[in-house]
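# Topology and contacts: notes
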Amino acid sequence: MAEIPDRLPSMAEIAARANVNPTSLYRRWGNVSVLATEVAIEHAMRDFPMPDTGSLKGDLTGWADAAAQLLDRSPLLRVLAANIHSNEPGLRERIDALARRGQELELVLARAKARGEPTPSLADVLEVVLAPLYFHVLFFGPVREAGYAARLVDRLLTLASLKTK
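Heads up: these notes are all about the structure in this document. (Residues numbered from 1 in each chain as written. Predicted model: local features only at pLDDT ≥ 70, side-chain atom pairs only at ≥ 80, totals over all residues. Heavy atoms only, no water.)

### Some thoughts on the overall build of the chain
To keep things clear, this is the line we draw: Here a helix means four or more residues in a row that DSSP labels H or I, a strand means two or more in a row labelled E, and each is numbered from the N terminus. Exposed residues in this analysis have more than 50% of their type's maximum accessible area, buried residues have under 20%, and partly exposed residues fall in between, with area computed by a 1.4 Å probe over protein chains only. Pairs of residues are marked as contacts when any of their non-hydrogen atoms sit within 4.5 Å. Shrake-Rupley sampling with a 1.4 Å probe provides the accessible areas, and residues are treated as covered by the protein chains on show and by no other component.
On a plain count of helices and strands, the chain comes out with nine helices and zero strands. The order of helices and strands in the chain, counted from the N terminus, is α-α-α-α-α-α-α-α-α. Counting over 165 residues, the chain shows a buried share of 39%. Look at the contacts in the chain between residues 6 or more apart in sequence, and 68% of them connect residues 24 or more apart. Accessible surface, the chain as shown: approximately 9,700 Å² in total, 57% of it carbon and sulfur.

This is the structure in structure tokens:
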């Protein structure tokens, strides 16, 4: 696992590593915050696709486990937290690209509903599963406890089944 740096490299450092002219990077991304945000989001989308296991519990548990791994191994959370309120040109659009993950979650929920499974709302998924994962990483460090994500999903599905009764 690659070590997460304490600071973002400069555009000049990135350009030197990529063997390109820094002006190419500035022209496309404008600054290192925008570049880092795009890289972190694209990494998350590519390396952690939404699972399709045939059950809502399996899909959400696979997704939550992947989210915990991503938060542990990637600077995504740190980059997003540092840039979420920035007014940098182009940054808001890249952060909004995370809405694609929300759309993917909506598809998971729609498939479950079509199968007749008790289905929580997207807001419930984010509040009961994703928010505790972020909170854990921000305040306690990486999620090391086996089954933590699965327990969050179990809570969510219990709430969803109570709402349908």
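### Remarks on the side chain of Asp-59
Take Asp-59: it is sitting in helix 4 (residues 56-73). The exposure class of Asp-59 is buried, given its relative accessible area of 0%. Non-local contacts of Asp-59, meaning those with residues more than four positions away in its chain, are made with Pro-51, Asp-52, Thr-53, Gly-54, Val-108, Arg-111 and Arg-115.

### Focus: unusual backbone geometry
Its identity as a non-glycine residue notwithstanding, Asn-19 has a phi of 60°, on the positive side. Tracing the backbone shows Asn-19 in the loop between helix 1 (11-18) and helix 2 (22-29). The exposure class of Asn-19 is exposed, given its relative accessible area of 72%.

### Let's talk about the packing of helix 4 against helix 9 (residues 148-164)
Helix-helix packing is characterised by the crossing angle of the two axes and by the distance between the axes. Put simply, the rule reads: Here an axis means a line fitted to C-alpha atoms, over the contact stretch when the element is a helix, while the angle between two N-to-C directions is reported on a 0 to 180 degree scale. Oblique is the label for any angle not covered by the other classes, which are roughly parallel (under 35 degrees), roughly antiparallel (over 145) and roughly perpendicular (65 to 115). The sense of a crossing depends on the near helix, which, turned anticlockwise from the far helix by less than a right angle, makes the crossing left-handed and, turned clockwise, makes it right-handed.
Running from N to C, helix 4 and helix 9 cross one another at 140°; their axes reach a closest spacing of 9 Å. Considered as vectors, helix 4 and helix 9 are oriented oblique to each other. Between helix 4 and helix 9 lies a crossing whose hand is right-handed. Along the contact surface, helix 4 presents Leu-56, Lys-57, Leu-60, Thr-61, Ala-64 and Asp-65, while helix 9 presents Ala-149, Ala-150, Val-153, Asp-154, Leu-156 and Leu-157.

### A look at the packing of aromatic side chains
For the record, the criterion: The aromatic pairing rule takes the rings of Phe, Tyr and Trp, using the six-membered ring of Trp, and pairs them if the centres are within 6.5 Å, calling planes under 30 degrees apart stacked, those over 60 edge-to-face and the rest tilted.
Applying the stated rule across the entire model yields two aromatic pairs. Here the aromatic rings of Phe-135 and Phe-139 are separated by 4.7 Å at their centres, their planes lie at 45°, and the arrangement is tilted. Within this pair, Phe-135 and its partner Phe-139 are both found in helix 8 (residues 122-140), separated by four residues, close to a single helical turn. Ring geometry for Phe-135 against Phe-140: centres 6.0 Å apart, planes inclined by 65°, an arrangement best described as edge-to-face.

### Side note on a nonpolar patch on the surface
Test applied: Each patch is built from residues that are more than 30% exposed by relative accessible area and take part in no salt bridge. Like charges join if they lie within 9 Å; nonpolar side chains (Val, Leu, Ile, Met, Phe, Trp, Tyr) join within 5 Å. Definition used for salt bridges: Asp or Glu carboxyl oxygen within 4 Å of a side-chain nitrogen of Lys or Arg.
Judged by side-chain polarity, Phe-135, Leu-138, Phe-139 and Phe-140 come together as a nonpolar surface patch covering roughly 500 Å² of accessible area. For Phe-139, a relative accessible area of 57% translates into the label exposed.

### Regarding the side chain of Thr-61
Relative to the helices and strands, Thr-61 resides in helix 4. According to the relative accessible area criterion, Thr-61 is buried, its value standing at 16%. Contact partners of Thr-61, with chain neighbours within four places excluded, come to Ala-150 and Val-153.

Just distances and angles here, no functional claims.
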